[in-house]
Amino acid sequence: MGSYVTVSTKVRRKLKEEAEKLGINISEVLRRALEDEVKKRRIEVLKKELREIDSILEKIDIDRIVRSIREYREER
């Protein structure tokens, strides 16, 4: 496994006590929530990049590329 760091946060005492009574592993819940949020943000970044790339790709004339490839092959 990779290296770990400690991350701390403050929560209301009552909330922590209730979580402990219910047998909730607070560290695991927080770790999972942070992993989920990071994954969600990565997906948002990728979607944004894909939208930007899509707008660039829309400008490409596929027929022109196909013609160029065919012309090149015929010359050989």
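Our structure's up above, just so we're on the same page.
Computed from a predicted model, the values in this text were never measured in an experiment. (Residues numbered from 1 in each chain as written. Predicted model: local features only at pLDDT ≥ 70, side-chain atom pairs only at ≥ 80, totals over all residues. Heavy atoms only, no water.)

How should I be thinking about the layout of surface pockets in this particular structure?
To find the voids left in a structure, one rolls a probe of water-molecule size over its atoms. Roughly 710 Å³ of internal volume is contained in the largest pocket. Lining the largest pocket are 19 residues; nearest its centre among them are V7, I26, S27, L30 and R31. For the lining of the largest pocket, the secondary-structure elements that each account for two or more residues are α1 (13–21) and α2 (26–57). It is α2 that contributes the most residues to the lining of the largest pocket, seven residues altogether. Of the residues belonging to the lining of the largest pocket, the class tally is eleven nonpolar, five polar and three charged. (1 Å grid on protein atoms, 1.4 Å probe; cavity = no way out; pocket = protein on both sides within 12 Å on 5 of 7 lines; lining within 4 Å. Points joined across faces, edges and corners; volume = space filled by probe spheres on them. Helix = DSSP H or I, 4+ residues; strand = E, 2+ residues; numbered from the N terminus. Nonpolar A, V, L, I, M, F, W, Y, C, P; charged D, E, K, R; others polar.)

I'm lost on helix α3 (residues 62–75) in this one. Help?
Since there are 3.6 residues in each turn of an α-helix, residues three or four apart along the chain are aligned in direction. If you check α3, its first and last C-alpha atoms are 20 Å apart, about what 14 residues at 1.5 Å a residue would give, namely 20 Å. Burial of α3 is sparse: only zero of the 14 residues sit out of reach of the surface. Between a side-chain oxygen at the N-terminus of α3 and the backbone nitrogen of D63 the separation is 3.2 Å; the capping residue is D61. (Expected span 1.5 Å × (residues − 1). Buried < 20%, exposed > 50% of the residue type's maximum accessible area, 1.4 Å probe, protein only. Polar contact = N/O pair within 3.5 Å; in protein donor to acceptor, adjacent residues only side chain to side chain.)

How should a nonpolar patch on the surface be read in this particular structure?
A cluster of nonpolar residues, L50, I53, L57, I60, I62, I65, V66 and I69, forms a patch on the protein surface that exposes about 680 Å² of accessible area. Where the nonpolar patch is concerned, the elements lending two or more residues are α2 and α3. By residue number, the principal contributor to the nonpolar patch is α3, which donates four residues. Relative to the assigned elements, L50 resides in helix α2. (Patch = residues over 30% accessible without salt bridge, like charges linked within 9 Å, V, L, I, M, F, W, Y side chains within 5 Å. Areas by Shrake-Rupley, 256 points an atom, 1.4 Å probe, with all protein chains shown as cover. Salt bridge = Lys/Arg side-chain N within 4 Å of Asp/Glu carboxyl O.)

Where do I start with the pattern of salt bridges in this structure?
Any two side chains of opposite charge can pair if their charged atoms end up close together. Here the structure, examined in full by the defined rule, presents six salt bridges. Between R31 and E28 there is a salt bridge, with its nearest N and O atoms 2.7 Å apart. With R31 and E28 both in helix α2 and three residues apart, the pair spans about one turn of that helix. The shortest N-O distance in the salt bridge between K40 and E37 comes to 3.9 Å. With K40 and E37 both in helix α2, this residue pair falls three residues apart, about one helical turn. Judged by its relative accessible area of 44%, K40 is partly exposed. Members of the salt-bridge network, linked through shared partners, are E28, R31 and R32.

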